[in-house]
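Topology and contacts: notes
Below, each chain spelled out in residue letters.
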Amino acid sequence: MRDAVVIDAVRTPIGVGKPSRGQFSGLHPVDLGGQVVSSLLSRNQIEARAVEDVIWGCVSQVGEQSFNIGRSTALAAGLPESTPGVTVDRQCGSSLQALAFAAAGVLAGHADVVIAGGVEVMSRVPMFSNINDADPYGRVRTRYEDRLVPQGISAELLAERYQLSRRYLDELSATSHERAAAAQRSGEFDDEIVPVLTDTGEVTTDQGIRPDTNVGTLGNLRPVFREDGVVTAGNASQISDGAAALLVTTSAKAAELGVRPIARIHSVTTVGVDPILMLHGPIVATAKILDRAGLSLDDIGAFEINEAFASVLGAWYAATGASPARTNQLGGAIALGHPLGASGARIAATLLHRMRRTGTKYGLEAICEGGGMANAMVFERL
């Protein structure tokens, strides 16, 4: 019986997504993705010709990230011209969806070796630049009687529903930076990060972590979306640049290639939720995937919930009762950053390497998505 396993998962350091100071702002998105893919193959001594497809997440598919950046990334990585590539947009979960598609492909026997991942260079291709002044909704607006709101307002609605205070959200944010800074100091990201060569030299560390962040300094920031709101720039994810990639195959093929998998992709799910209160998707996805996997919260040794906003994490804690001690143990997107199309794969890389280091049997990842969706995945360490 075929299975789907992850041989390795790598990511670039995450850069600040600002043209003026981002460490990757001078690097084309194709070139950033190409470097992470080539590093994935070289460090596992896998021949490029073994890869049968590249499934690549990217949200803002315009400009430098247009024209099927998945195919361009494969070519930039030095893969043979015979290796195809495809680009996926499931909003913030795009690269986790790419991983799910890769797993489905190898399980079905459509391919034996697939690279899944994603990229977003927001310093060069800004968020919403693929929309500009267009209306992406059409008759959807009629269905929801013009009640559709941007994600920032949805984050406020989520905080309101679960009665999450401003101080609590700032505490979650400070914890994210504290944990990420500690992980960076102790070298816990070393297994997952691959160096990136830029015009100014080699980059090896995440740029957005602020070790001195505390509740006091966060409390001085003004709300962004509502004058009397609780969501600020400090308790929301950072705009970022980055790429991540995973090597997916079967146990049988891994043995043939002489490589040892980190984990099996145990269970996969996607959900749709109310597009107004869109950010509660991870709550629904967590319940669904645990049921599908036949597992309980107590069976999961490590959770990764994307910190698009602190209210997403706070609401997830309130609804699930999951342990904060087992969640985002090395920090999350508030500290590390959120390069949209790469985040699902970045989180998977962080989760898988931590599972291997700590001997954790099951890990669960969930990520909210624009339009009212969420992806979730359970990994089983091998």
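Residues numbered from 1 in each chain as written. Predicted model: local features only at pLDDT ≥ 70, side-chain atom pairs only at ≥ 80, totals over all residues. Heavy atoms only, no water.

1. Some remarks on the pairing of strand β8 (residues 240-249)
- Within β8, 10 of the 10 residues are buried, leaving the element largely enclosed by the surrounding structure.
- What you see with β8 is no split at all: Ser 240, Gly 242, Ala 244, Leu 246 and Val 248 on one side and Asp 241, Ala 243, Ala 245, Leu 247 and Thr 249 on the other are buried throughout.
- Here strand β2 (residues 15-16) runs beside β8; their pairing, made up of 2 bridges, is antiparallel. Paired with Gly 15 across the bridge in β8 is Asp 241. (Buried < 20%, exposed > 50% of the residue type's maximum accessible area, 1.4 Å probe, protein only. Helix = DSSP H or I, 4+ residues; strand = E, 2+ residues; numbered from the N terminus. Pairing = 2+ DSSP bridges.)

2. A short note on the packing of aromatic side chains
- The full count for this structure, using the stated rule, is 3 aromatic pairs.
- Taken together through their ring pairs, the aromatic side chains of Phe 303, Trp 316 and Tyr 317 make up a single cluster.
- The side chain of Arg 11 reaches across the aromatic face of Phe 189, ending 5.1 Å from its centre. (Phe/Tyr/Trp six-rings, centres within 6.5 Å; stacked < 30°, edge-to-face > 60°. Lys NZ or Arg CZ within 6 Å of the ring centre and 35° of its normal.)

3. Regarding a positive patch on the surface
- Positive charge collects at one region of the surface, where Arg 260, Arg 356, Lys 361 and Arg 381 lie side by side.
- Locating Arg 381 in the fold gives a position in strand β12 (residues 373-381). (Patch = residues over 30% accessible without salt bridge, like charges linked within 9 Å, V, L, I, M, F, W, Y side chains within 5 Å. Areas by Shrake-Rupley, 256 points an atom, 1.4 Å probe, with all protein chains shown as cover. Salt bridge = Lys/Arg side-chain N within 4 Å of Asp/Glu carboxyl O. Lys, Arg positive; Asp, Glu negative; His and termini not counted. Charge placed at Lys NZ, Arg CZ, Asp CG, Glu CD.)

4. Concerning the side chain of His 280
- Looking at where His 280 falls in the secondary structure, it is placed in the loop between β9 (263-272) and α9 (281-293).
- Apart from the residues within four sequence positions on either side, His 280 is in contact with Leu 158, Val 273 and Asp 274. (Contact = heavy atoms within 4.5 Å.)

5. Observations regarding the pattern of salt bridges
- Tallied over the full model, the rule gives 16 salt bridges.
- When the shortest N-O distance is used, the salt bridge between Asp 112 and Arg 2 registers 2.8 Å. Placement of Asp 112 in the loop between α3 (94-108) and β5 (114-121) and of Arg 2 in the segment before β1 (5-11) is noted, with a sequence separation of 110 residues between them.
- You can call Asp 112 partly exposed: its relative accessible area is 26%.
- Taking relative accessible area as the criterion, Arg 2 reaches 33% and is therefore assigned partly exposed.
- With a shortest N-O distance of 2.8 Å, Arg 11 and Asp 206 are connected by a salt bridge. Taken together, the residues Arg 11 in strand β1 and Asp 206 in the loop between β7 (201-203) and α7 (215-218) connect sequence positions 195 residues apart. Like Asp 206, Arg 11 is buried.

6. Observations regarding α9
- End to end, α9 covers 18 Å across 13 residues, agreeing with the expected 18 Å (1.5 Å per residue, within 8%).
- Turning to α9, its buried residues number three or more, namely Gly 281, Pro 282, Ile 283, Ala 285, Thr 286, Ile 289, Leu 290 and Ala 293.
- Next to the buried residues of α9 lie β9, β10 (302-305), α10 (310-320), β11 (362-369) and β12.
- Looking one or two residues past α9, Gly 294 carries a phi angle of roughly 70°, positive in sign. (Expected span 1.5 Å × (residues − 1).)

7. Things to note about the pairing of β12
- Burial of β12 is extensive: 7 of the 9 residues sit out of reach of the surface.
- As judged from the 9 bridges shared by β9 and β12, these two strands associate in the antiparallel manner. Considered in β12, the bridge of Ala 263 is made with Arg 381.
- Relative to β12, β11 runs antiparallel, the two being bridged by 8 bridges. When the sheet's bridge partners are listed, Ala 366 is paired in β12 with Ala 376.

8. What about the environment of Gly 314?
- Inspection of the secondary structure puts Gly 314 in helix α10.
- Accessibility expressed as a relative area gives 2% for Gly 314, which makes it buried.
- For the pair formed by Gly 314 and Thr 286, sequence separation is 28 residues and the distance between their alpha carbons is 14 Å.
- Apart from residues no more than four positions distant in its own chain, Gly 314 is found in contact with Leu 164, Tyr 168 and Leu 172.

9. A word on the nonpolar core
- With 40 residues, the main nonpolar core has Leu 169, Leu 279, Leu 295, Ile 300, Phe 309, Trp 316 and Leu 364 as its most contacted residues.
- Listed by contribution, the elements that provide at least two residues to this core are α5 (151-161), α6 (166-186), α9, β10, α10, β11 and β12.
- For Leu 295, the contacting residues outside a window of four places in its chain are His 266, Leu 290, Ile 300, Tyr 362 and Val 378. (Core = buried A, V, L, I, M, F, W, Y, C linked by side-chain atoms within 4.5 Å.)

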